[in-house]
Amino acid sequence: MAGTSNIIKNGDIVMDAVRAADHDRYLSALYAPADKRDALLALYAFNAEIAGVRDRIHEPLPGEVRLQWWRDVISAEGDAETGHPTADALRATIAACRLPKAAFDNMLEARIFDLYDDPMPSRTDLEGYCGETAAALIQLVAMALDPAAAPGFAELAGRAGCAQAITGLLLLLPLHRRRGQCFVPADILSAAGTTPEEFVKGEGGAAAERAVTAMIALAREHLNAFETGAPALPVALRPAFLPLALTHAYLDRMEKAGSPLSATATLSTLRRHWLLLRHAMRGWTPPLT
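Basis of the calculations
- Residues numbered from 1 in each chain as written.
- Predicted model: local features only at pLDDT ≥ 70, side-chain atom pairs only at ≥ 80, totals over all residues.
- Heavy atoms only, no water.
- 1 Å grid on protein atoms, 1.4 Å probe; cavity = no way out; pocket = protein on both sides within 12 Å on 5 of 7 lines; lining within 4 Å.
- Points joined across faces, edges and corners; volume = space filled by probe spheres on them.
- Helix = DSSP H or I, 4+ residues; strand = E, 2+ residues; numbered from the N terminus.
- Nonpolar A, V, L, I, M, F, W, Y, C, P; charged D, E, K, R; others polar.
- Buried < 20%, exposed > 50% of the residue type's maximum accessible area, 1.4 Å probe, protein only.
- Salt bridge = Lys/Arg side-chain N within 4 Å of Asp/Glu carboxyl O.
- Phe/Tyr/Trp six-rings, centres within 6.5 Å; stacked < 30°, edge-to-face > 60°.

S.K.: Tell me about empty space enclosed by the protein, and name the residues and values.
M.R.: Enumeration according to the criterion identifies two cavities of 30 Å³ or more in this entry. In terms of lining residues, the largest cavity is bounded by Leu169, Leu170, Leu173, His176, Gln181, Cys182, Phe183, Val184, Phe199 and Met215. If you list the elements that add at least two residues to the lining of the largest cavity, you get α10 (154–171) and α11 (173–179). Each pocket or cavity is described by its volume, and for the second largest cavity that value is around 40 Å³. As for the second largest cavity, its lining consists of Arg25, Tyr44, Ala134, Leu137, Ile138, Val141, Gln164, Ala240, Pro243 and Leu244. Per-element accounting of the lining of the second largest cavity gives the leading share, four residues, to helix α9 (residues 123–145). In the lining of the second largest cavity, the residues fall into eight nonpolar, one polar and one charged.

Structure below.
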């Protein structure tokens, strides 16, 4: 029970961290059962921490050191506190929910890519990255919610994670281009008639637009596959997949934009609350709106 008390003790700090860094997941966590909410917020706070390493540490090697710190924290035995609220809440969550530490190690390994400016080589590499980050997070949240039911929906978590992650990368496209990062796979860019170097520099013209359109279509492909299976989700697991209600809306906004390169999309707080509430209460009954 010590682990559970640690989650609760750091609950307010962890909740505030998620609310500031990842408001969509914060809102979705509010629809989880009260006795599961601390665990979800601890997982979301950890994800926000490692996703934001490059924002806080601008050089790759110190960034890798920070990711290694998280590996050491997660792998450490015992229940000694680190003094870091998110780390302590995460360790308590892993212990209380019996979550597999290997999944966290894979997430941290995948996040090394974020620290460098190497282009994403291929669609397969992109989907693998999404699988180890967003999809793994969904599956871990599902395990925290219902460890017996979660394994049966691992494939659905993979589809959901790819849809959510690719959409998130499109939302961050202007930031990544300013940094010199290219998450649009090189094979998709080549098929569209441009290169990672041209794309990052804002060159490529119509070819760059075709590449982003292809990324939106890829996200939609995974989202459609998720939505086909989503009605079978048990009520207990719905909160893990709830952010996908927003993913659908973001993609709709992107597809209505004048240019695919202006792929950023915003949803009002009221709209986000409505979508989350609707799906939390009714589940997925396509078509989503």
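S.K.: How would you summarise the environment of Pro231 if you had to cite specific residues and measurements?
M.R.: Among the secondary structure elements, Pro231 is positioned in the loop between α14 (206–229) and α15 (238–241). When its relative accessible area of 47% is taken as the criterion, Pro231 is described as partly exposed. For the pair Pro231 and Leu251, spaced 20 residues apart in sequence, the C-alpha separation works out to 20 Å.

S.K.: Please give an account of the pattern of salt bridges that cites residues and values.
M.R.: Per the stated rule, a full pass over the model turns up 13 salt bridges. A salt bridge links Arg25 to Asp22; the nearest nitrogen and oxygen atoms lie 2.7 Å apart. Of the two residues, Arg25 and Asp22, both sit in the buried class. Between Glu49 and Arg56 there is a salt bridge, with the nearest N and O atoms lying 3.3 Å from each other.

S.K.: Give a detailed account of the layout of surface pockets, specifying residues and quantitative values.
M.R.: In this structure, the largest pocket spans a volume of roughly 980 Å³. Of all the secondary structure elements, the ones that give two or more residues to the lining of the largest pocket are α2 (11–21), α3 (23–29), α4 (34–51), α5 (53–56), α9, α10, α11 and α16 (244–256). Looking at the lining of the largest pocket, its residues break down into 17 nonpolar, 11 polar and nine charged.

S.K.: Tell me about the packing of aromatic side chains, and name the residues and values.
M.R.: One pair of aromatic rings is described through two measures. These are the centre distance and the angle between the planes. One pass over the structure, following the stated rule, counts seven aromatic pairs. Aromatic pair Phe46 and Phe104: ring centres 5.6 Å apart, planes at 65 degrees, arrangement edge-to-face. Remark: Phe104 occurs in helix α8 (residues 101–111) and Phe46 occurs in helix α4; sequence separation between them is 58 residues. Classification of Phe46 as buried rests on a relative accessible area of 1%. Classification of Phe104 by relative accessible area gives buried; the value is 1%. With 5.5 Å between their ring centres and 65 degrees between their planes, Phe113 and Phe183 make a pair best called edge-to-face. Of this pair, Phe113 sits in the loop between α8 and α9 while Phe183 sits in the loop between α11 and α12 (186–192), and the two are 70 residues apart along the sequence. Relative accessible area serves as the criterion here: at 6%, Phe183 is assigned to the buried category.

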